[in-house]
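Chain and residue survey
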Amino acid sequence: MTIGATAEWSNKVELADIDGDGRVDVLFANGAGYASPEAPEPNRAFLNQGPGMPFTDVSEEVFGPEPDFTRAIKVRDLDGDGNVDLIVANTFETQSRLYLGDGEGGFTEASDNLPQAPHSFGDVELGDVDGDGDLDAVLADWGPGAANQSSGVTRLWLNDGGVFTDVTDTNMPDALVAWSWELELADVDNDLDLDVLVSCKSCSGSYMFVNDGAGVFTDASDKLPQYANNYEFEAIDLTGDGYLDLVTINDGPMGREHVFVNDGAGGFVDGTADLWPDADNIPGDDNMVAFLDYESDGDPDFVIAGLFGSDDRLMLNSGDGHLEVVDAFMPANSQGTLGIAVADLDGDKKIDVVLSEGEAPQSADRVFLGVDVAEDTAAPKISLVTLVDGSVVARIHDNKTPVMPHDFQSVVLVAGGTEVPMQWYGEALWRGTPREAFGQLCAVDAAGNETCQMFGEDPGETGTDTDGTTTSTTEDPDPTTTTTAPTTGGDPTTGPGPGPTTGEPGTTTDATTGDDTASTGDTAGTDDDGGCGCRQQSPGSAGLLSLGVLALLRPRRRR
């Protein structure tokens, strides 16, 4: 067993290491009610105890005794002390919560550090939108009253050292969004700042707000294809052109999905007919997607959480964005799935999947262990490497969403004989300030696979480490970057702002949006002349897991 049988209405699930032991824990955002409140319920937290051991329920120790109407929980370092904290986005006109962590699984409520007002939040995302080094919060507000009969503006809370201020009136468009279940922070135009995508169920289309680099947003929704009843945005580079593409849910004919392809100019075109034909785009009621690399072939696939008879399923990517549906879940008939998340829970280098079950009271939350899933042998993706005012910014990821600290053993800049950990600041974007303006950026994922890429002025020769390891070039750039934790295992989500997150093209000394340079062999030592010097570390403590009949299996094509 893993988490045992749960009984609450679970909305979304967060997978994160909340006690600093290197294992991925599970948190469920709970509270009953579809468009109007039914009953508040306790949020749940389960600590991973290692392979073959049941998770430990520490829900009351983490969240306290009071129940909530919670739609989403996010785990990041919000006060810059190197320990992960929790933000709890509550709905049905209730106060949201903030819990500050001590790095060992202990949390203290600090909700007074949040704006004090009852809201109805459908989702929350974290990222540094104003470039000051703190992670800010963007929240989807349903507005007062029944969610299916109301609307609200998308809210922005700017963070200053763990204290949040609502700047919605001055920094956000006044567009009323009618019932958003999901929003995303994503750099849609590759200018190195975080833009906002807001899904909408009861609108004629969804919303896109573009960041000016200082945390002030402009409505650019006319650059999105417009379809009603969108439950979800999930962003990654599906087509391999270096720009983020989008998957949406339920906004097609008969509840089919869409793929919006980035046009490279800050907008999107509908690529569904070409990339996702009807035979593989199954109609039905679905809720959410998460990206993963099922085959470990270096391109992103994704899983879809079905609802009320719509099967949970896997979509395989051909490498250029063309999608094929396969059966990969056993069983695949979850009835009330409202959230989905992926991670390696048991340390076997295979991806696992967790589903949060809400709308069907008979359905407990589910954990699926990877069985026939390929072991992770694909190196992380590094792209968009840019030197801005002495800092290096890049997109780094491991072909999964969201990017989390546990995805990586290390993400470092190697220059001048030193290694400097990079800091994640939203989506898959990272930044750091190296000792010198030329060197290598190296990322080692949780499975020990490594990618290195040069930054700064190219010396005009193929990178060769002192141990003889040479770099190689991959053909498909991927700007969805993976966030990595520092080599000490801490959470790099905040810290001293190592430079601006944005910059006009004229301020950029070196920008790489094309091929990725990768080193997949072992490296040792540190080169004073800019060699990678990344240390191959053994994967952290194995995660835990054992789950009887629920499994991710070898895919069977639906033909």
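Residues numbered from 1 in each chain as written. Predicted model: local features only at pLDDT ≥ 70, side-chain atom pairs only at ≥ 80, totals over all residues. Heavy atoms only, no water.

**Side note on the overall build of the protein**
- When its secondary structure is counted, the protein shows 3 helices and 39 strands.
- Summarising the internal contacts of the protein: among those between residues at least 6 apart in sequence, 60% fall at separations of at least 24.
- Split by element, the accessible area of the protein, about 18,300 Å² in all, is 49% carbon and sulfur. (Helix = DSSP H or I, 4+ residues; strand = E, 2+ residues; numbered from the N terminus. Contact = heavy atoms within 4.5 Å. Areas by Shrake-Rupley, 256 points an atom, 1.4 Å probe, with all protein chains shown as cover.)

**A look at unusual backbone geometry**
- With an omega of -10°, the peptide bond between methionine 330 and proline 331 qualifies as cis.
- Examined against the element boundaries, proline 331 turns out to sit in the loop between strand E24 (323–330) and strand E25 (337–343).
- Note the cis peptide between threonine 401 and proline 402, where omega equals -10°.
- Its location among the elements puts proline 402 in the loop between strand E29 (391–397) and strand E30 (408–415).
- Phi at asparagine 250 is positive, roughly 75°, even though this residue is not glycine.

**Things to note about the pattern of salt bridges**
- One pass over the structure, following the stated rule, counts 18 salt bridges.
- In this structure, arginine 155 engages aspartate 166 in a salt bridge whose closest nitrogen and oxygen atoms are separated by 3.1 Å. Of this pair, arginine 155 sits in strand E11 (residues 155–160) while aspartate 166 sits in strand E12 (residues 163–166), placing them 11 residues apart in sequence.
- Residue classification places arginine 155 among the buried positions, given a relative accessible area of 17%.
- On the basis of relative accessibility, which here comes to 30%, the residue aspartate 166 falls in the partly exposed class.
- Residues participating in the shared-partner salt-bridge network are Glu66, Asp68, Arg97 and Glu109. (Salt bridge = Lys/Arg side-chain N within 4 Å of Asp/Glu carboxyl O. Buried < 20%, exposed > 50% of the residue type's maximum accessible area, 1.4 Å probe, protein only.)

**Some points on the confidence of the model for the protein**
- Here the protein averages 86 in pLDDT, and 82% of its residues register 70 or above.
- pLDDT under 50 marks residues 463–549. Its contacts with residues more than four places away, or in other chains, come to 312 contacts. (pLDDT = per-residue confidence, 0-100.)

**Examining the packing of aromatic side chains**
- The full count for this structure, using the stated rule, is 16 aromatic pairs.
- The interplanar angle of 85° and the centroid separation of 6.2 Å between the aromatic rings of tryptophan 142 and tryptophan 179 together place this pair among those described as edge-to-face. On the criterion of sequence distance, the pair formed by tryptophan 142 in the loop between strand E10 (136–141) and E11 and tryptophan 179 in the loop between helix H2 (168–171) and strand E13 (183–186) is long-range, its members being 37 residues apart. As far as the burial class goes, tryptophan 142 and tryptophan 179 line up, both buried.
- A centroid spacing of 6.0 Å and a plane angle of 65° characterise the contact between tryptophan 179 and tryptophan 181, whose relative ring orientation is edge-to-face. In this structure, tryptophan 179 and tryptophan 181 share a single accessibility class: buried.
- Grouped by ring-pair contacts, the aromatic residues Tyr34, Phe69, Phe92, Trp142, Trp179, Trp181 and Tyr231 constitute a single cluster.
- Between the NZ or CZ atom of arginine 71 and the centre of the ring of tryptophan 181, over which it lies, the distance is 4.7 Å.
- Above the plane of the ring of tyrosine 425 lies arginine 431, whose end atom (NZ or CZ) is 4.6 Å from the centre. (Phe/Tyr/Trp six-rings, centres within 6.5 Å; stacked < 30°, edge-to-face > 60°. Lys NZ or Arg CZ within 6 Å of the ring centre and 35° of its normal.)

**With respect to the side chain of asparagine 48**
- Within the secondary structure, asparagine 48 sits in the loop between strand E3 (44–47) and strand E4 (56–57).
- The exposure class assigned to asparagine 48 is buried, which follows from its relative accessible area of 0%.
- Among the polar contacts listed, one links the side chain of asparagine 48 to the backbone nitrogen of glycine 50, at a separation of 3.0 Å. (Polar contact = N/O pair within 3.5 Å; in protein donor to acceptor, adjacent residues only side chain to side chain.)

**Considerations on the state of the cysteines**
- Following the criterion strictly, the structure yields 2 disulfides and no others.
- The partner cysteine of cysteine 200 in its disulfide is cysteine 203, sulfur to sulfur 1.8 Å. Measuring handedness by torsion sign, the sulfur bridge of cysteine 200 and cysteine 203 sits at about 60° and is right-handed. Each member of the pair, cysteine 200 as well as cysteine 203, carries the same accessibility label: buried. (Disulfide = S-S within 2.5 Å.)

**Remarks on the environment of aspartate 136**
- Considering the arrangement of structural elements, one finds aspartate 136 in strand E10.
- For aspartate 136, a relative accessible area of 0% gives the class buried.
- As a C-alpha pair, aspartate 136 and glycine 215 span 79 residues in sequence and 9.5 Å in three-dimensional space.
- Ignoring any residue separated from it by four or fewer positions in sequence, one finds aspartate 136 in contact with Glu125, Leu126, Gly127, Asp128, Val129, Asp130, Trp157, Leu158, Asn159 and Phe164.
- Of the polar contacts made by the side chain of aspartate 136, one reaches the backbone nitrogen of valine 129; its length is 3.0 Å.

**Considerations on empty space enclosed by the protein**
- This model, assessed by the stated rule, comprises 2 cavities of 30 Å³ or more.
- The volume enclosed by the largest cavity comes to roughly 530 Å³.
- Lys74, Glu125, Glu184, Pro402 and Val403 are the residues nearest the centre of the largest cavity, which is lined by 34 residues in total.
- Secondary-structure elements contributing two or more residues to the lining of the largest cavity are strand E1 (10–16), strand E5 (70–76), strand E9 (121–127), E13, strand E17 (233–236), strand E21 (286–292) and E25.
- If you tally residues by element for the lining of the largest cavity, the top one is E5, at 5 residues.
- Built from parts of two domains, the lining of the largest cavity gets at least three residues from each of domain 1 (10–368) and domain 2 (381–454).
- By volume, the second largest cavity is sized at about 40 Å³.
- Residue lining of the second largest cavity: Lys12, Arg71, Trp181, Glu182, Tyr231, Glu232, Asn287, Met288 and Leu338, and that is the complete set.
- Residue composition of the lining of the second largest cavity, by class: 4 nonpolar, 1 polar and 4 charged. (1 Å grid on protein atoms, 1.4 Å probe; cavity = no way out; pocket = protein on both sides within 12 Å on 5 of 7 lines; lining within 4 Å. Points joined across faces, edges and corners; volume = space filled by probe spheres on them. Domains from an automatic or database assignment. Nonpolar A, V, L, I, M, F, W, Y, C, P; charged D, E, K, R; others polar.)

**Considerations on the nonpolar core**
- Counting residues in each nonpolar core, the largest one holds 33 residues, and the members touching the most others are Ala137, Val392, Ile396, Met422, Trp430 and Leu441.
- Breaking this core down by element, the ones donating at least two residues are strand E6 (85–90), E9, E10, strand E28 (381–388), E29, E30 and strand E34 (439–445).
- Viewed by domain, this core spans two of them, domain 1 (10–368) and domain 2 (381–454), each represented by three or more residues.
- In terms of nonpolar packing, the next biggest core, distinct from the first, is built from 27 residues, Trp9, Ala35, Val261 and Met315 among them. (Core = buried A, V, L, I, M, F, W, Y, C linked by side-chain atoms within 4.5 Å.)

**Digging into the sheet that holds strand E16 (residues 217–219)**
- Here 4 strands make up an open sheet; going across it, the order is E13-E14-E15-E16 and the pairing antiparallel. Bordering the open sheet on either side are E13 and E16, each of which pairs with just one other strand. Taken over all neighbouring pairs, the strand axes of this sheet differ in orientation by 25° on average, direction set aside.
- Bridge analysis of strand E14 (residues 195–198) against strand E15 (residues 207–211) gives 3 bridges, and the strand direction is antiparallel. Note that in E15 the partner of valine 198 across the bridge is tyrosine 207. (Pairing = 2+ DSSP bridges. Axes fitted to C-alpha atoms, helices over the stretch in contact; angles between N-to-C directions.)

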